[in-house]
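Structure assessment
Residue strings, one per chain:
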Amino acid sequence: MKTNRAVRTPGGLSVRLDVRALTVVLLLLAAALAASVVLIGTGDFPIPAGDVLRTLAGDGDAGQEFIVNELRLPRVLVGLLVGASLGLGGALFQAVSRNPLGSPDILGLGQGATAGALVVIVLFSGSAELVTVGALVGGLATGIAIYLLAWKRGVHGYRLVLVGIGVSAIVTAVNGYLLTISDIVDAARAVVWMTGSLSGRDWDQVWPLLMLCAVLVPLVLANARELRMMEMGDEVSHALGVRVERVRALLMIAAVLLTATATAAAGPVSFVALTAPQLARRLTRSPGPNLLPSLCMGAALLVTADWVSQRVFGADQLPVGVVTGVLGGVYLLWLLVTERKAGRI
Amino acid sequence: MSAATTPDMSGSANKNIRRSTVNRLSADNVTLAYDQRVIAEQLSVEIPDNSFTVIVGPNACGKSTLLRALSRMLKPSEGRVLLDGQVIQSMPAKKVARTLGLLPQSSIAPDGITVADLVGRGRYPHQGILRQWSTEDERVVQESMAQTGVAELADRYVDELSGGQRQRVWIAMALAQQTPLLLLDEPTTYLDIQHQIDVLDLCAELHEEQGRTLVAVLHDLNHAARYATHLIALRGGTVIAEGAPNDIVTAELVEEVFGLRCQVIEDPETGTPLVVPAARKARTEARTGAEKVAATEAS
């Protein structure tokens, strides 16, 4: 039960390590990377894992090099980064709202991004790059709308969730309208985007995601201790010297950016942001926001789901969002039942 | 007792700052309001150093609001709250948290947290990103748990404790913060009588043996009169009376503050004032013939 260890140096520095959480992070990281290698080897031209590793090390033959480095590696990297962003974004949302349902899926950030993408696809028949920009703008706008509607004197549990459900319903209606006025080609393109898919992702999608994560992940982790204090309520954390409003605003902006960018890159892959933090928490069994475990869990989940969608249903036909949707939907039902039994809803 | 648990009594080191009061904590002509709803206007309160100050008053008299202002949870719309001669809002948040602790009415124990972990979180204002868990932190947490009698519960989950035990754990967390001033907002609410006394005894101990300055909001006037060294009676956002309970608690004051007819007798246990509400019949008669009853009561 006691898994906290303090590492101290003679100079008076000390770092607190949760051994169990650290083990979970390392195992999830290993799982995500192993799944990535298997995923790179999966497709119309199967490549054994050994060859994949050799090619990644720069030691493969020309044909394999093209398939691995140009076609499949970017797709897998986008999967890892999108999963990580969604896992971290979800953990932030859930920790700040102190509610497992306060995650981007329920709050309608995915729908908001979809609306932005649909506007570009249906009204302007825009290019893939423009769709990405549209989705980003849509997601950020939804995040701001929820913030303005729900944030009066801080978030209070279900208020954020209820406002989010309302916003989500309105945006879904708009999306439905946009689909009905579109022609069949645009509609088909829109529907694939709306399910969340990793197919056809290349290096152009990798770089912006990577840069965003490189900035936001350290920023978020630097505020993890404050977030941990905020679990005990605004008053206690305030009394302990946490600048609650500032930390909350900063972390929410980071969470919206992470979620919106991930959605812009891969479409609204459902339920990863909802499930990853909860699953991570069950593995670490530690209170607190579990940010790093959630991030790794998100990456592992998404890459595994992508592999399942290719392996079980064949080729690129099934978008990854269908798999995460089925898994996440089952999980959501289970969560609602247990929360109800615990008397929380 | 080791030096570690003795709070810093030195006050502000900054000599350039004009100290408007001798006491460490005071509210100076504050107007307190939520949005447009004004709770108190031009309220001035001094918290005497090394006192166990208790704030009493009827519901909605502004006592919790005053405590929120003193703990910088609520910014006064006018006037200022001074801590060690400085405006409390202008001080660094962590520095205030090393001087002034608050035990609010509503606090949330995170799911699956152990007692030792929760108490350990009280060390936050003393920590930094490179100083996350020193031997000092470890020792203070152990001592805080020992002082509040929850040391043997260290590895238990907070969710599974009784109300009285849980309140002790929260007090231990506030103690681990090692602040010379500690504010408590209705620390006995929801506890049965035995645990109410238990918590108040603990507060008295912290005050007497460690010289901490305590400020508590209490509902029970008799508890307040028994434990406080300094009593502040509020009504409608105004201080009606303040001072030692023996000096200020009279039937007239209780009637003025709470609108309740009563007798004040000597507590047979402690000699402090004991408020005994008048019987229902007497109070009904009082309403019909108010002047006459007032005259007989006063005699």
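Rules and cut-offs
Residues numbered from 1 in each chain as written. Chains lettered and ligands numbered in written order. Predicted model: local features only at pLDDT ≥ 70, side-chain atom pairs only at ≥ 80, totals over all residues. Heavy atoms only, no water. Helix = DSSP H or I, 4+ residues; strand = E, 2+ residues; numbered from the N terminus. Buried < 20%, exposed > 50% of the residue type's maximum accessible area, 1.4 Å probe, protein only. Contact = heavy atoms within 4.5 Å. UniProt positions renumbered as here; feature names shortened; annotations may be inferred. Pairing = 2+ DSSP bridges. Axes fitted to C-alpha atoms, helices over the stretch in contact; angles between N-to-C directions. Polar contact = N/O pair within 3.5 Å; in protein donor to acceptor, adjacent residues only side chain to side chain. Patch = residues over 30% accessible without salt bridge, like charges linked within 9 Å, V, L, I, M, F, W, Y side chains within 5 Å. Areas by Shrake-Rupley, 256 points an atom, 1.4 Å probe, with all protein chains shown as cover. Salt bridge = Lys/Arg side-chain N within 4 Å of Asp/Glu carboxyl O. Lys, Arg positive; Asp, Glu negative; His and termini not counted. Charge placed at Lys NZ, Arg CZ, Asp CG, Glu CD. Parallel < 35°, antiparallel > 145°, perpendicular 65-115°, else oblique. Left-handed = near helix turned anticlockwise from the far one by under 90°. Buried area = accessible area lost by both parts, 1.4 Å probe. Nonpolar A, V, L, I, M, F, W, Y, C, P; charged D, E, K, R; others polar. Core = buried A, V, L, I, M, F, W, Y, C linked by side-chain atoms within 4.5 Å. Domains from an automatic or database assignment. Expected span 1.5 Å × (residues − 1). Bend = angle between axes of the 7 residues up to and from the residue. 1 Å grid on protein atoms, 1.4 Å probe; cavity = no way out; pocket = protein on both sides within 12 Å on 5 of 7 lines; lining within 4 Å. Points joined across faces, edges and corners; volume = space filled by probe spheres on them.

1. Focus: the overall build of chain B
When helices and strands are counted, chain B shows 11 helices and 12 strands. Counting over 299 residues, chain B shows a buried share of 53%. Considering only intrachain contacts with a sequence separation of at least 6, the fraction spanning at least 24 residues in chain B is 67%.

2. A look at the UniProt feature "domain: ABC transporter" (unreviewed entry) in chain B
According to UniProt, the feature "domain: ABC transporter" (unreviewed entry) maps to residues 25-261 of chain B in the numbering used here. For residues 25-261 of chain B, the end-to-end C-alpha separation is 34 Å, with 35% helix and 25% strand making up the annotated structure.

3. So, the sheet that holds strand 5 (residues 86-87) of chain B
Residues and elements named next belong to chain B. Read from one edge to the other, the open sheet built from four strands follows the order 2-1-4-5, with strand pairing classed as antiparallel. This sheet does not close on itself; its edge strands, each paired only once, are strand 2 (37-47) and strand 5. Pairing analysis gives five bridges linking strand 1 (residues 25-34) to strand 4 (residues 78-83), with the strands arranged antiparallel. Note on strand 4: the bridge partner recorded for alanine 27 is valine 81. Strands in contact with helix 1 (residues 63-70) are strand 1, strand 2 and strand 4; relative to strand 1, the strand with the most contacts, it is inclined by about 120 degrees.

4. Some thoughts on the side chain of B:Thr31
Residues and elements named next belong to chain B. Inspection of the secondary structure assignment puts threonine 31 in strand 1. Classification of threonine 31 by relative accessible area gives buried; the value is 7%. Polar side-chain contacts of threonine 31 include one of 3.5 Å to the backbone nitrogen of glutamine 42. With residues up to four places along the chain from it excluded, the contact list for threonine 31 reads Val38, Ala40, Glu41, Gln42, Pro76, Ser77 and Glu78.

5. Some words on a negative patch on the surface
Side chains of A:Glu70, A:Glu129, A:Asp202 and A:Asp204 sit close together on the surface and give a patch of like negative charge. Topologically, A:Asp204 is positioned in helix 9 (residues 203-222).

6. Notes on the packing of helix 5 (residues 109-124) of chain A against helix 6 (residues 128-150) of chain A
To characterise two packed helices, one gives the angle between the axes of the helices and the distance between these axes. Residue and element names in this part refer to chain A. As a packed pair, helix 5 and helix 6 sit with axes 6 Å apart at the nearest point and diverge in direction by 140 degrees. The angle between helix 5 and helix 6 places the two elements in the oblique class. In terms of crossing hand, the pair formed by helix 5 and helix 6 is right-handed. Here Leu109, Gly112, Ala113, Gly116, Ala117, Val120 and Ile121 of helix 5 lie close against helix 6, whose contacting residues are Leu130, Val131, Gly134, Ala135, Gly138, Gly139, Thr142 and Gly143.

7. With respect to the pairing of strand 6 (residues 100-103) of chain B
Residue and element names in this part refer to chain B. Of the two faces of strand 6, the one holding Leu100 and Leu102 and the one holding Gly101 and Leu103 are both buried throughout. The pairing of strand 6 with strand 7 (residues 181-185) spans four bridges and is classified as parallel. Bridge pairing in strand 7 links glycine 101 to leucine 182.

8. Focus: the interface of chain A and chain B
Listed by partner, the interface residues are 32 residues for chain A and 41 residues for chain B. Ranking the residues of chain A by area buried against chain B places A:Arg225, A:Glu235 and A:Leu240 at the top, with a combined share of 21%. Put simply, A:Arg8 and B:Glu138 hold a salt bridge, and the shortest N to O gap is 3.9 Å. On the surface where chain A and chain B come into contact, there are 13 residue pairs in polar contact (both at pLDDT 80 or more). Residue composition of the side of chain A that touches chain B, grouped by class: 12 nonpolar, seven polar and 13 charged.

9. A look at the nonpolar core
Grouped together as the largest cluster of nonpolar side chains are 132 residues, with contacts concentrated most on A:Val82 and B:Val115. Broken down by element, the residue count for this core peaks at 16 residues, all from helix 3 (residues 62-97) of chain A. Taken together, domain 1 (3-245) and domain 2 (250-299) of chain B each give at least three residues to this core, which thus spans both. If we skip the residues at most four places from it in the chain, A:Val82 touches A:Leu209, A:Ala262, A:Ala265, A:Ala266 and A:Leu302. In terms of nonpolar packing, the next biggest core, distinct from the first, is built from 30 residues, A:Ala239, B:Ile47, B:Leu74 and B:Leu83 among them.

10. A look at the pattern of salt bridges
If the charged atoms of two oppositely charged side chains come close together, the side chains can form a pair. Overall, the coordinates contain 17 salt bridges over all chains when judged by the stated rule. The shortest N-O distance in the salt bridge between B:Asp84 and B:Arg24 comes to 2.8 Å. Separated by 60 residues along the polypeptide, B:Asp84 in the loop between strand 4 and strand 5 and B:Arg24 in the segment before strand 1 bring together distant segments of the chain. Given the relative accessible area of 5%, B:Asp84 is considered buried. Among the ionic contacts, a cluster of salt bridges with common partners joins A:Arg98, A:Asp234, A:Glu245 and A:Arg248.

11. As for the environment of A:Leu227
Residues and elements named next belong to chain A. Along the polypeptide, leucine 227 turns up in helix 10 (residues 224-230). The class for leucine 227 is buried, based on a relative accessible area of 1%. Sequence-distant contacts of leucine 227, that is, excluding residues within four places in its chain, are made with Leu92, Ala95, Val96, Leu251, Pro289 and Leu291.

12. As for helix 3 of chain A
Residues and elements named next belong to chain A. The terminal C-alpha atoms of helix 3 lie 51 Å apart, and with 36 residues this matches the ideal 52 Å at 1.5 Å per residue to within 8%. The largest bend along helix 3 measures about 45 degrees and falls at arginine 72, with the proline proline 74 one to four residues further on. By the criterion of burial, helix 3 is predominantly enclosed, with 28 of the 36 residues buried. Here helix 3 starts with a cap whose side-chain oxygen sits 3.1 Å from the backbone nitrogen of glycine 63, and that cap is aspartate 61. Within two residues after helix 3, arginine 98 carries a phi angle of roughly 50 degrees, on the positive side.

13. Some details on empty space enclosed by the protein
Once rolled over the atoms, a probe with the size of a water molecule shows which space is left empty. Residue and element names in this part refer to chain B. All chains considered together, the criterion is met by two cavities of 30 Å³ or more. Approximately 40 Å³ is the volume attributed to the largest cavity. Taken together, Val56, Leu221, Leu231, Ala233, Val249, Leu253, Val254, Val257 and Phe258 make up the lining of the largest cavity. Among the secondary structure elements, those contributing two or more residues to the lining of the largest cavity are strand 9 (230-235) and helix 9 (251-258).

14. Considerations on the UniProt feature "transmembrane region" (unreviewed entry) in chain A
All names here are of chain A. When the UniProt feature table is mapped onto this chain, "transmembrane region" (unreviewed entry) is found at residues 21-41, 76-94, 106-124, 130-149, 161-185, 205-222, 249-271 and 320-337. End C-alpha to end C-alpha, residues 130-149 measures 28 Å, and it is 100% helix and 0% strand. Here residues 320-337 runs as 100% helix and 0% strand, with 26 Å between its end C-alpha atoms.

15. Some remarks on the side chain of A:Ser294
Residue and element names in this part refer to chain A. Counting through the fold element by element, serine 294 comes out in helix 14 (residues 291-313). Judged by its relative accessible area of 0%, serine 294 falls in the buried class. Reaching out from serine 294, the side chain makes a polar contact with the backbone oxygen of asparagine 290 at a distance of 2.6 Å. In contact with serine 294, not counting residues within four places along its chain, are Gly87, Ala91, Ala276, Pro277, Ala280 and Pro289.

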